[in-house]
Amino acid sequence: MQINEERDWEALYQANDTFWDHGEASPGLADYLADRPEAPLGQALVPGCGLGHDARALAQAGWAVTGLDIAPSSVPLAKRLAEEEALEINYRIGDFLSDKPHQVFDLVFEHTLFCAIPPARRGDYAEALRGWLKPGGLYLAVNYMITDDNGEPPFSTTTTELDRRFGGSFELLRRWTPRSYERRTGKELMNEWKMRN
Ligand SMILES: C[S@@+](CC[C@H](N)C(=O)[O-])C[C@H]1O[C@@H](n2cnc3c(N)ncnc32)[C@H](O)[C@@H]1O
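Residues numbered from 1 in each chain as written. Predicted model: local features only at pLDDT ≥ 70, side-chain atom pairs only at ≥ 80, totals over all residues. Heavy atoms only, no water.

Tell me what's going on with the side chain of Ser-156, and back it up with residues and numbers.
Along the chain, Ser-156 falls in the loop between strand E5 (133-144) and helix H6 (159-166). Take Ser-156: its relative accessible area is 16%, and that puts it in the buried class. Once residues lying within four places of it in the same chain are set aside, the contact partners of Ser-156 are Arg-122, Ile-146, Thr-147, Asp-148, Asp-149 and Glu-161. (Helix = DSSP H or I, 4+ residues; strand = E, 2+ residues; numbered from the N terminus. Buried < 20%, exposed > 50% of the residue type's maximum accessible area, 1.4 Å probe, protein only. Contact = heavy atoms within 4.5 Å.)

In structure tokens:
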């Protein structure tokens, strides 16, 4: 795979090869939500939601959640898991980078989408993000801070790159090392940004 080729996510779901999936929400997101029981709620978008573990955690916390994924076969799987918990989540098939937003959101939560897209599309990602958010909206990201690339996702990033790509349109509210899945311990960084009006 060339570094800027798109990965065939649909083929991976069809082959039941969701090797990135940990069967539970990002521990960093779970802690973030548990630490803010009184925080204001609203409409949240989870782009690249996969099987929807993070979408369900946000819905459990009271957010009205839309999960968006480019791979059609992920959606029935995510819907079934939400139904098992009696959660109402709006799952949609779509491309976060190029779809015209059907609505705007108070929060976009990111977890292993930025590192999964070809690095050449990261400018498109930042531009699309601005389109999906309300002015003053929050962008909460669990970034995978690996430094080595082997030509396929996950691709590396640095805080310098994150600041360059998002720092112009967003104010960084907080940056911290979260609790992680065991295999990702020390490799994740959470970034909470607020879109400037
Ligand atoms: C590495 S997986 C992460 C899934 C989930 N966020 C998680 O952490 O378990 C990346 C997900 O992003 C989806 N995806 C990739 N490109 C996308 C795009 N442009 N728009 C929406 N979803 C996309 C893939 O289908 C896949 O479900």
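I'd like a description of the site of the ligand, backed by residues and values.
Taken together, 16 residues lie near the ligand, and Tyr-13, Gly-48, Asp-69, His-111 and Thr-112 sit nearest. Tyr-13 has a polar side-chain atom sitting 2.6 Å from an oxygen atom of the ligand. Here a nitrogen atom of the ligand and a backbone polar atom of Ile-70 are 3.2 Å apart. Here the ligand, which alone exposes 590 Å², has 95% of that area covered by the protein. A breakdown of the residues in the shell around the ligand according to their chemical character gives nine nonpolar, five polar and two charged. (Near = heavy atom within 4 Å. Polar contact = N/O pair within 3.5 Å; in protein donor to acceptor, adjacent residues only side chain to side chain. Areas by Shrake-Rupley, 256 points an atom, 1.4 Å probe, with all protein chains shown as cover. Nonpolar A, V, L, I, M, F, W, Y, C, P; charged D, E, K, R; others polar.)

I'd like a description of the pairing of strand E7 (residues 188-195), backed by residues and values.
With seven of eight residues buried, E7 lies mostly within the body of the structure. Alignment of E5 against E7, held across seven bridges, turns out to be antiparallel. Residue pairing in the sheet places Ala-141 in a bridge with Asn-191 of E7. Strand direction decides the pairing type here: strand E6 (residues 170-176) and E7, joined by six bridges, are antiparallel. Residue pairing in the sheet places Glu-171 in a bridge with Lys-194 of E7. (Pairing = 2+ DSSP bridges.)

Which residues make up the sheet that holds E5, and what values do they have?
Across a sheet, strands are paired by hydrogen bonds formed along the backbone, either parallel or antiparallel in direction. Across the sheet, seven strands lie side by side as E3-E2-E1-E4-E5-E7-E6; this open sheet has mixed pairing. Looking at the sheet topology across the chains shown, the edges are occupied by strand E3 (90-93) and E6. Looking at each pair of strands side by side, their axes are set apart by 20 degrees on average, direction ignored. One ladder, built from two bridges, connects strand E1 (residues 43-47) with strand E4 (residues 105-111); its direction is parallel. Bridge pairing links Leu-45 to Val-108 in E4. Contacting E4, E5, E6 and E7, helix H2 (residues 27-34) runs over the sheet at an angle of about 50 degrees to E7. Strand contacts of helix H3 (residues 53-60): E1, strand E2 (64-69), E3 and E4, with the helix running at about 140 degrees to E4, the strand carrying the most contacts. (Axes fitted to C-alpha atoms, helices over the stretch in contact; angles between N-to-C directions.)

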